[in-house]
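The primary structure of each chain is shown beneath.
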Amino acid sequence: MPESSIPDDVWEKFVRDSERDIRASAPKEPSARARMVTERLRAMDEAQAARAGGGGKRRWGTKNAPVPLARPEGWRTGPPVQDIGGTSRRRRVWSAVGVVVAVALAVVAVNPSAALSWLPGGFGEGSGASDGAQSASGTPLAPETARPGTAPPAAPTDVPTRDKPFAGSPAARWESGADAIRLPVAKPVNGVPAARMAAALKGTKDFLVAANLDPAVLEGARPEKALALVDPAQRDYLAELNAGLRKPTADNDPVGTITRFDPDEIEVVSEARVRGHMTVEAGDGSPGTAVIKADYTFVYPVARAGGGDEVTRTVVRRSIEVEAVDPARFRAAEGHIRIVSTRSEISNDDCRDGDGVIRPQFLADRQNGAGTSGEARDPYDRSRELTGARDDDECGVVTRL
């Protein structure tokens, strides 16, 4: 056999790289925790189906889509989305846990108000397009019509309780529930009739409400109303979302789109406070298309299931884009919406993907946790855009909740 002409160091590097690639591509056995979570979600879905008296499979139509679409963003580590304009981008995930260090935790137990006053940025409130200019009074904020110019200013460092779950939060002056999602006046846009725009605007609100405010969904039920609103032509998106709801994984976790907690661990103690706005603009494609852009922050006060006294908050920001079309030019499903992009940030979560639920952290969790290495963020800062950039394995720190 002729002697090899490959140098020894090159051959050794090839062997090392090959072994590394083989290990990386080898199938991995799900962890015990992942199996437990999957089984619990399956049981929750079965119980919900039994209560609803269901059992049959829902069939979706096959009407033609007006423009080619990949499934929208909104997944923790999913593949890129093809936006209306043809650019591919990913959303940035921001799951933050903890706002104080271990030394401060001991002080919180003795003097919560004094300890929380140390937090960067304090607790602030604001409103409309000038959130940062508002005082921290108890006056309800005017509806938001555009992105604010600054983050809410500091406010008194009150500690949340079950009786006052939004104490010390900018959300104390926000509106509650679905009424906080106001629709702009429906007008013709880029050849899309006003009636079609009105239907798409209403459908966008209905989806946000069904995915983020439905009490049953917050307790882990399947978001049937939200799923039923999606255009049946978006079969791939619906199939993947349903797969994530049945068996969430790190690459397909429905909390990127749907807000759910584990009712065995978490109790939502009050209706969520909501702030945001919705705008409409012409589509980037041919005449007869328009895009609805909705950007809303939902604040959920939560306690441990079983009557725990400590109340904390989880802040979820959702951005969703919905396409509306002229029915004279394109075929579209009546009573449904076409979701072309979603992005989200979750603040006060345990940062572990693949649970299928949001797991808020309490003082004891943060004290016993390993900490985070990401940059600090203010979850109430609506002045910054919710970008589509992706930061894998990053878990940041929130400056206030």
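Remember, it's a predicted structure, so these values are computed and weren't measured experimentally. (Residues numbered from 1 in each chain as written. Predicted model: local features only at pLDDT ≥ 70, side-chain atom pairs only at ≥ 80, totals over all residues. Heavy atoms only, no water.)

Focus on the overall build of the chain
Then comes step 1: Regarding its fold elements, the chain presents 9 helices and 11 strands.
Then comes step 2: Among the 401 residues that make up the chain, the fraction classed as buried is 47%.
Then comes step 3: For the chain, long-range pairs separated by at least 24 residues make up 72% of all intrachain contacts whose partners lie at least 6 apart in sequence.
Then comes step 4: Accessible surface for the chain amounts to roughly 18,900 Å². Of this, 53% is attributable to carbon and sulfur atoms. (Helix = DSSP H or I, 4+ residues; strand = E, 2+ residues; numbered from the N terminus. Buried < 20%, exposed > 50% of the residue type's maximum accessible area, 1.4 Å probe, protein only. Contact = heavy atoms within 4.5 Å. Areas by Shrake-Rupley, 256 points an atom, 1.4 Å probe, with all protein chains shown as cover.)

Overview of helix α8 (residues 235–246)
Every α-helix winds through 3.6 residues per turn, so residues three or four apart in the chain are directed the same way.
Then comes step 1: Between the first and last C-alpha of α8 there are 16 Å, a value that for 12 residues agrees with the 16 Å anticipated at 1.5 Å per step.
Then comes step 2: Residues Tyr237, Leu238, Leu241, Asn242, Gly244 and Leu245 constitute the buried set of α8. Looking straight down α8, one finds that the buried residues subtend no more than 160 degrees of arc, so they occupy a single side. (Expected span 1.5 Å × (residues − 1). Arc of directions from axis to C-beta.)

Considerations on the nonpolar core
Then comes step 1: Core analysis: the largest hydrophobic core is formed by 45 residues, its most contacted members being Phe207, Tyr296, Tyr300 and Ile339.
Then comes step 2: Judged by nonpolar contacts, the second largest core, of 9 residues, contains Ala171, Trp174, Tyr380 and Leu401. (Core = buried A, V, L, I, M, F, W, Y, C linked by side-chain atoms within 4.5 Å.)

Points about the pairing of strand β7 (residues 289–304)
Then comes step 1: The buried fraction of β7 amounts to 14 of the 16 residues, a majority that puts the element mostly inside the structure.
Then comes step 2: Bridge analysis of strand β5 (residues 266–268) against β7 gives 3 bridges, and the strand direction is antiparallel. When the sheet's bridge partners are listed, Glu267 is paired in β7 with Ala303.
Then comes step 3: Bridge count between strand β6 (residues 273–282) and β7: 10 bridges; the pairing is antiparallel. Counterpart to Gly276 in the pairing with β7 is Tyr296.
Then comes step 4: The hairpin turn running from β6 into β7, its antiparallel successor, is 6 residues long, and Gly288 in that turn takes a positive phi close to 100 degrees.
Then comes step 5: As paired strands, β7 and strand β8 (residues 311–325) are joined by 15 bridges and run antiparallel to one another. Each bridged residue has a counterpart across the sheet, and for Val299 the counterpart in β8 is Val315.
Then comes step 6: If you look at the hairpin formed by β7 and β8, you'll find 6 residues sitting between the two strands, and Gly306 has a positive phi there, around 105 degrees. (Pairing = 2+ DSSP bridges.)

So, the packing of aromatic side chains
Then comes step 1: In this structure the tally under the stated criterion is 3 aromatic pairs.
Then comes step 2: Aromatic rings pair up to connect Phe261, Phe298 and Tyr300 into one cluster.
Then comes step 3: Its guanidinium or amino end placed over the ring of Phe166, Arg273 lies 4.3 Å from that ring's centre, counting from NZ or CZ. (Phe/Tyr/Trp six-rings, centres within 6.5 Å; stacked < 30°, edge-to-face > 60°. Lys NZ or Arg CZ within 6 Å of the ring centre and 35° of its normal.)

Observations concerning empty space enclosed by the protein
Then comes step 1: Throughout the structure, instances matching the rule amount to 2 cavities of 30 Å³ or more.
Then comes step 2: Counted as a void, the second largest cavity has a volume near 60 Å³.
Then comes step 3: Taken together, Phe207, Leu208, Asn212, Gly256, Thr257, Arg318, Ser319, Ile320, Thr342 and Arg343 form the lining of the second largest cavity.
Then comes step 4: Listing elements by their share of the lining of the second largest cavity, those giving two or more residues are α5 (194–212), β8 and β9 (338–347).
Then comes step 5: The residue makeup of the lining of the second largest cavity, split by class, is 3 nonpolar, 5 polar and 2 charged. (1 Å grid on protein atoms, 1.4 Å probe; cavity = no way out; pocket = protein on both sides within 12 Å on 5 of 7 lines; lining within 4 Å. Points joined across faces, edges and corners; volume = space filled by probe spheres on them. Nonpolar A, V, L, I, M, F, W, Y, C, P; charged D, E, K, R; others polar.)

A look at the pairing of β6
Looking along a regular strand, one sees the side chains alternate between the two faces of the sheet.
Then comes step 1: For strand β4 (residues 175–176) and β6, the ladder comprises 2 bridges, and the chain directions are antiparallel. Bridge pairing links Ser176 to Arg273 in β6.

Side note on the confidence of the model for the chain
Then comes step 1: A residue-level look at the chain finds 62% of positions with pLDDT of 70 or above and a mean pLDDT of 74.
Then comes step 2: Segment residues 47–136 is flagged for pLDDT under 50; beyond a separation of four residues in sequence, or across chains, it makes 265 contacts in the model. (pLDDT = per-residue confidence, 0-100.)

Topic: the pattern of salt bridges
Pairing between side chains of opposite charge can happen when the charged atoms of each approach one another.
Then comes step 1: For the structure shown, the criterion picks out 21 salt bridges.
Then comes step 2: For Arg359, the salt bridge goes to Asp262, with nearest N and O atoms at 3.8 Å. Of this pair, Arg359 sits in the loop between β9 and α9 (363–368) while Asp262 sits in the loop between α8 and β5, placing them 97 residues apart in sequence. Accessibility assignment for this pair places Arg359 and Asp262 in one class, buried.
Then comes step 3: With a closest N to O distance of 2.7 Å, Asp378 and Arg400 form a salt bridge. Linking Asp378 in the loop between β10 (376–377) and β11 (397–398) with Arg400 in the segment after β11, this pair joins segments that are 22 residues apart in sequence. Here the two residues Asp378 and Arg400 agree in accessibility, since each one is buried.
Then comes step 4: Ionic contacts of the salt-bridge type, sharing partners, join the residues Glu144, Arg275, Asp295, Arg317 and Arg382 into one network. (Salt bridge = Lys/Arg side-chain N within 4 Å of Asp/Glu carboxyl O.)

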